Amino acid sequence: CAWLAAQLAPSFAALRASESWQSFDLRAADDEGGADLEAMLSKPGSGDGAGDGSMGEAADAEPEADAAESFADYQPSKLDYGPSHIEHVVESASLACVPPVDVTYKPHFPPELLSSGALSRVQLEAVVYALQQHERRLPSGSRAGFYVGDGTGVGKGREGAAVILENFLLGRKRAVWFTCNTDLAVDAKRDLRDIGAVDIPLLSLTSAGYGDLAESFDEGVLVVTYSVLVASSGGATRFDQLMKWLTPAFDGVLLFDEAHKAKGAAHGQPVGTSVVQLQASLPNARVMYLSATGATQVGDMSYMTRLGLWGTGTFFQNFKSFQSVLTSGSGSGSSGSMEMLAVQLKSSGAYLARSLGLRGVDFHMVQAKLTPAQQTLYDQSASLWVFIH
């Protein structure tokens, strides 16, 4: 469609200029030493549906892509400072074909933080791009947000903590760190400590009453679980309490850790609805989404209102019209459409997704042999589960 063509044109131009495209060869090896693709397709027996567009039986023999074809080694290409990441980092092959936007933001971190190793170059890249994106405004007037889709071990929490620290250094002394449960408040405190932000106060909203937060907690990081965000007591709500503390002019950080917890927004689920409402009520807030599984299908993205994919000044009036295009003919949205969307987001400077590589990792399947007593217990437990459900 016209939208996809317009959005992906810069990405495809970059792909054609990349090393991956230059080395692309439409040749396929066979037992005799190789034949070109056109010759292969014209061979008799290359498929019962040859020439009519159907797959035929030959599709059964198609080999699966290995990890080397699916991922590429990753190093930040536009950021030239910070130590190397402690582990091997990779990026999906499709994203690797698209160069990131140029770096224009210069953080205000103390020099020792940039050289100590507390933040690797890979982590600093996500931090700088998030801060850079927060300088933009969407056509709606709201501040643009940033989505970090890094996998486990890359350091999403530390990246989020660094974004909060930068804003504290610039005088924005209130921030909200949304997370899954109160135990993760310890992780938030650790991430802040690890980057030297030991002087930033931190409070879990769960431990506070429903009164005016500013009276006892004037500045710092407020840790809010998604369940607490929708909680209420005696007519008072946590959402209203939070809005009073932030005020409508709030321009600090809203950090949505494990952001996929809000994916029910499209279905009117309380958590997702509240996350969307909070972003709409605070147009100046600096929004950052952290999740390795933030959008496994298009319908999960409805809470990501700050990516500028729908709304005023875009191709789509609302999320439903956006979803209908990407899911047309594929139900929940094909992997191909989600892959194209990720490419577009990276090329626009709104998204990064890296993960740890598996270099040097061995996997072993160990079979656990159950005793007759354990087998009986398992069967009884399965029967009870079936009975309950």
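Residues numbered from 1 in each chain as written. Predicted model: local features only at pLDDT ≥ 70, side-chain atom pairs only at ≥ 80, totals over all residues. Heavy atoms only, no water.

Next up on the list: the overall build of the protein. For the protein, the count of helices and strands is 15 helices and 14 strands. In the protein, buried positions account for 41% of the 389 residues. Across the protein, the fraction of contacts at a sequence separation of at least 24, relative to all contacts at a separation of at least 6, is 72%. Summing over all exposed atoms, the protein offers an accessible surface of approximately 20,800 Å²; the carbon and sulfur share of this is 53%. (Helix = DSSP H or I, 4+ residues; strand = E, 2+ residues; numbered from the N terminus. Buried < 20%, exposed > 50% of the residue type's maximum accessible area, 1.4 Å probe, protein only. Contact = heavy atoms within 4.5 Å. Areas by Shrake-Rupley, 256 points an atom, 1.4 Å probe, with all protein chains shown as cover.)

Backbone hydrogen bonds hold the strands of a sheet together, and the pairing may be parallel or antiparallel. Within the open sheet, the 3 strands sit side by side as S3-S4-S14. Their pairing is antiparallel. Looking along the sheet, the strands with just one partner apiece sit at the ends: strand S3 (71-73) and strand S14 (355-356). The sheet contact formed by S3 and strand S4 (residues 89-92) spans 3 bridges and is antiparallel. Among the inter-strand pairings, Asp-73 is bridged to a residue of S4, identified as Val-90. (Pairing = 2+ DSSP bridges.)

The next thing to look at is the sheet that holds strand S5 (residues 146-148). The strand order across the open sheet formed by 7 strands is S7-S8-S6-S11-S12-S5-S13, and the pairing between neighbours is parallel. This sheet does not close on itself; its edge strands, each paired only once, are strand S7 (202-204) and strand S13 (351-352). Taken together, the 3 bridges between S7 and strand S8 (residues 220-225) define a ladder with parallel strand orientation. Paired with Leu-202 across the two strands is Val-221, which belongs to S8. Contacts between helix H11 (residues 238-246) and the sheet are confined to strand S6 (174-179), S8 and strand S11 (253-257), with S6 contributing the most and set at about 150 degrees to the helix. (Axes fitted to C-alpha atoms, helices over the stretch in contact; angles between N-to-C directions.)

Looking now at the nonpolar core. Considering soluble globular proteins, one finds that nonpolar side chains tend to be buried as a cluster. Of all hydrophobic cores here, the largest spans 51 residues; its most connected members are Phe-178, Leu-254 and Phe-256. With residues near it in sequence (within four places) discarded, Phe-178 still touches Val-224, Tyr-226, Leu-229, Leu-242, Leu-254, Leu-255, Phe-256, Asp-257 and Leu-278. Listed in part, the 40 residues of the second largest apolar core include Leu-131, Phe-146, Ala-188 and Leu-192. (Core = buried A, V, L, I, M, F, W, Y, C linked by side-chain atoms within 4.5 Å.)

To continue, consider the packing of aromatic side chains. Summed over all chains, the structure comprises 10 aromatic pairs. Considering the side-chain rings of Phe-178 and Tyr-226, the 6.1 Å spacing of their centres and the 25 degrees angle between planes classify their relative orientation as stacked. Of the two residues, Phe-178 is situated in strand S6 and Tyr-226 in helix H10 (residues 226-229); the sequence distance between them amounts to 48 residues. When sorted by exposure, Phe-178 lands in the same class as Tyr-226, which is buried. Ring centres of Phe-316 and Phe-322 lie 5.5 Å apart, and the angle between their planes is 80 degrees; this geometry places the pair in the edge-to-face category. Under the relative-accessibility criterion, Phe-316 is labelled buried at 7%. Taken together through their ring pairs, the aromatic side chains of Phe-178, Tyr-226, Phe-256, Tyr-289 and Tyr-303 make up a single cluster. The ring of Tyr-210 has Arg-238 sitting right over it, with the charged end atom 4.0 Å from the ring centre. (Phe/Tyr/Trp six-rings, centres within 6.5 Å; stacked < 30°, edge-to-face > 60°. Lys NZ or Arg CZ within 6 Å of the ring centre and 35° of its normal.)

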